[in-house]
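Letter by letter, the chains look like this.
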Amino acid sequence: MPMFSTGVETSKRYSLDGPDQSKVCPPPPRDSCDLPSLVLSSSYPITLKFMDVGYRVKFENKNRESNIKKIFGHGPTISDQIQERTVLNGITGMASPGEILAILGPSGSGKSTLLNALAGRTLANGFTGNSPHKQQETSKTNNEKNWEKTLVAESAISELGLTKCENTIIGNGFTRGISGGERKRVSIAHEMLINPSLLILDEPTSGLDATAAYRLVLTLGSLAQKGKTIVTSMHQPSSRVYQMFDSVLVLSEGACLYFGKGSEAMAYFESVGYSPSFPMNPADFLLDLANGRRNCSVCAILETFTCVAARARR
Ligand SMILES: Nc1ncnc2c1ncn2[C@@H]1O[C@H](COP(=O)(O)OP(=O)(O)OP(=O)(O)O)[C@@H](O)[C@H]1O
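Quick caveat, the model's predicted, so the values are computed rather than measured.

Moving on, we get to the site of the ligand. Lining the immediate environment of the ligand, one finds 14 residues, of which Ser107, Gly108, Lys111, Ser112 and Thr113 sit closest. Here an oxygen atom of the ligand sits 3.0 Å away from a polar atom, N or O, in the main chain of Gly110. Protein chains bury 63% of the 640 Å² of accessible surface belonging to the ligand in isolation. Sort the elements by how many residues they give to the shell around the ligand and helix α3 (residues 111–119) lands first, with three residues.

Written out as structure tokens, the structure reads:
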């Protein structure tokens, strides 16, 4: 039985005339492909804030040994078999329009669980938050709606660089179709059809080579430049992908080791006594730190970060 304790808040800033673009942070300059400006760009800016997100699961410990013991009457009691595990503990962060927030961490650190919580995909007691995907309903004729849908679909195809494979079958395990990278972009294009202000993506670059991953993140960057808020998990970003993240949240066994600007992460860790012995990809360094959670030094980093974050909140 999963239990969420969260404070997820989406704050929308708009005036009666539409989005208040003056309040949206100017997007940082990016090394971006020259993508056409779109119908898709006119969505309300959303700032996603989340505070103290926690997730615990209770599960039955079904190991063979205890079952055998149970048969012979020496087994653990039912209460011994129910175990509780904290998957996420007090995660706080924020993503603003025009920004990419990357959730980094080793396998099993809680990235997908956090994204599911932020997306409202996991229903559990205590989970609160607004769906960021609300669209304005307007009265339009069927013809107008169809024309608009076609326009949006064409925009998404063009924006995500899918024109080349526009008429190619997508394919599946049995039928060869578009490439893996193209397939990832098709799933993002599919999401774009509802013109979301907030995109939450779980490992969109998994299975892609470094160049394809970079191109996909460039695409995300160009969507962010149009005022969308992007939250994405990423397993092993290259250094040039890492430098495209505006902010990063590093998870280690469900705890937050760092949340802040991507460009300031290395300086922060250096200030608390941790720096690599030779120049390396910041993402690799952060993952090394997060992987050493059981190591006392990482516990110290966690404590330091918790203190710094608590001071910042006061
Ligand atoms: N409902 C659940 N019951 C038991 N364990 C769970 C549950 N949900 C998540 N977990 C555990 O919580 C941990 C975090 O899972 P999660 O999928 O969020 O990790 P992740 O960082 O996305 O991993 P990966 O990078 O491998 O996808 C894992 O060890 C997982 O087994």
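This brings us to the pattern of salt bridges. The final tally for this structure, using the stated rule, is one salt bridge. Ionic pairing is found between Glu84 and Arg56, a salt bridge with its closest N-O pair at 3.0 Å. Of this pair, Glu84 sits in strand β5 (residues 82–95) while Arg56 sits in strand β4 (residues 46–60), and the two are 28 residues apart along the sequence. A residue is classified by how much of its surface remains accessible, and Arg56, at 35% relative accessible area, is partly exposed.

For residues that are not glycine, phi is negative in most cases, and the peptide bond is trans in most cases. With a phi close to 50°, Asp52 is a non-glycine residue in the positive phi region. Overall, Asp52 belongs to the partly exposed group, its relative accessible area being 39%.

So, on to helix α5 (residues 180–192). With 13 residues, α5 extends 19 Å from end C-alpha to end C-alpha; this agrees with the ideal 18 Å at 1.5 Å per step. Among all positions of α5, only Gly181, Glu182, Arg185, Ile188, Ala189 and Met192 are buried. The buried residues of α5 occupy an angular sector of 120° when projected down its axis, which confines them to one face.

In terms of residue burial, helix α9 (residues 282–291) counts as a mostly covered element, since seven of its ten residues are buried. The complete set of buried residues in α9 reads Pro282, Ala283, Phe285, Leu286, Leu287, Leu289 and Ala290.

This structure, assessed with the given rule, holds five aromatic pairs. Here Tyr258 and Tyr268 contribute two aromatic rings whose centre-to-centre distance is 5.4 Å and whose plane-to-plane angle is 35°, an arrangement assigned as tilted. On the criterion of sequence distance, the pair formed by Tyr258 in strand β10 (residues 255–261) and Tyr268 in helix α8 (residues 265–271) is long-range, its members being ten residues apart. The burial state of Tyr258 is the same as that of Tyr268; both residues are buried. Between Phe269 and Phe285, the ring centres sit 6.4 Å apart and the planes meet at 80°, which makes this aromatic pair edge-to-face. Within this pair, whereas Phe269 is found in helix α8, its partner Phe285 is found in helix α9, the two being separated by 16 residues in sequence. Overall, Phe269 belongs to the buried group, its relative accessible area being 0%. Each residue in the set Tyr258, Tyr268, Phe269 and Phe285 is aromatic and connected to the rest through ring pairs, giving one cluster.

This paragraph deals with the pairing of strand β7 (residues 198–201). Taking every second residue as pointing to the same face, both faces of β7 are buried, with Leu198 and Ile200 on one and Leu199 and Leu201 on the other. In terms of strand pairing, β7 meets strand β8 (residues 229–234) through four bridges, oriented parallel. The partner of Leu198 across the bridge, within β8, is Thr229. Taking the sense of rotation as the criterion, the β-α-β connection linking β7, helix α6 (residues 210–225) and β8 turns out right-handed.

About the criteria used
- Residues numbered from 1 in each chain as written.
- Predicted model: local features only at pLDDT ≥ 70, side-chain atom pairs only at ≥ 80, totals over all residues.
- Heavy atoms only, no water.
- Near = heavy atom within 4 Å.
- Polar contact = N/O pair within 3.5 Å; in protein donor to acceptor, adjacent residues only side chain to side chain.
- Areas by Shrake-Rupley, 256 points an atom, 1.4 Å probe, with all protein chains shown as cover.
- Helix = DSSP H or I, 4+ residues; strand = E, 2+ residues; numbered from the N terminus.
- Salt bridge = Lys/Arg side-chain N within 4 Å of Asp/Glu carboxyl O.
- Buried < 20%, exposed > 50% of the residue type's maximum accessible area, 1.4 Å probe, protein only.
- Expected span 1.5 Å × (residues − 1).
- Arc of directions from axis to C-beta.
- Phe/Tyr/Trp six-rings, centres within 6.5 Å; stacked < 30°, edge-to-face > 60°.
- Pairing = 2+ DSSP bridges.
- Right-handed = clockwise from strand over helix to strand, strands pointing away.

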